[in-house]
Structures are given as C-alpha cells and as structure tokens.
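# Commentary on secondary and tertiary structure
Given next are the chains, with one letter for each unit.
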Amino acid sequence: MDRVNLNTGEVMTFEAPDAIYSGGYPCCVVAFLDEDSLLYVNYHKEEGKNKNVFEIYHPSSGERQDLEVEGKREWG
C-alpha cells in the first residue's frame, strides 16, 4: 500500500495487514486517523464473535493495537 503526502509528494510504501482485505475482488475498507494510524476492521480476529474487531495499524513501525472504546455516545 502506498501513502502519498499531498504537500511534499513523498511516497511511503508499506505492507498492510492481510486483515484489511475483504471480499473477492482486491478491496479494502480502511481510514487514516493521522499520518501513521490506519483504522480497519479485522473480522478474523474474534472468529464469529464480532466483538472488538477494530484495530489500528501503524505503518512506520508495523505495530498493531486494539481500538480502545471509552463508552457509548449518542449521535444526533
């Protein structure tokens, strides 16, 4: 996966976790929270439980971390 800095044109190529790919066609659902935090859903993590399946991946270090949920919010 490539990340391009729109201000400088610098390209960073990194290996993304396999868990970000879903479906038959090479498709992924991810979002950058900031320049080094990639949010994605890892449905393989909790095999069938669908509990706490969100993870954050840091491309610069290759580390993963669980998303910490602080509580419920009402959206309106």
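The model shown is predicted, which means the values in this text are computed figures rather than measured ones.

Overall, antiparallel pairing links the 4 strands, which are arranged E3-E4-E5-E6 in an open sheet. Across the chains shown, the open sheet's two edge strands, defined by having one partner strand only, are strand E3 (30-34) and strand E6 (63-66). Sheet twist, expressed as the average angle between the axes of neighbouring strands with direction ignored, equals 30 degrees. Sheet topology places strand E5 (residues 54-58) next to E6; 4 bridges connect them, and they run antiparallel. Paired with Ile56 across the bridge in E6 is Gln65.

Here we come to the nonpolar core. Phe14, Ala16, Ala19, Ile20, Leu38, Tyr40 and Tyr57 form the largest nonpolar core, which has 7 residues in total. When sequence neighbours within four positions are dropped, the list of residues in contact with Ala19 reads Tyr40, Val41 and Asn42.

Criteria and thresholds
- Residues numbered from 1 in each chain as written.
- Predicted model: local features only at pLDDT ≥ 70, side-chain atom pairs only at ≥ 80, totals over all residues.
- Heavy atoms only, no water.
- Pairing = 2+ DSSP bridges.
- Helix = DSSP H or I, 4+ residues; strand = E, 2+ residues; numbered from the N terminus.
- Axes fitted to C-alpha atoms, helices over the stretch in contact; angles between N-to-C directions.
- Core = buried A, V, L, I, M, F, W, Y, C linked by side-chain atoms within 4.5 Å.
- Buried < 20%, exposed > 50% of the residue type's maximum accessible area, 1.4 Å probe, protein only.
- Contact = heavy atoms within 4.5 Å.

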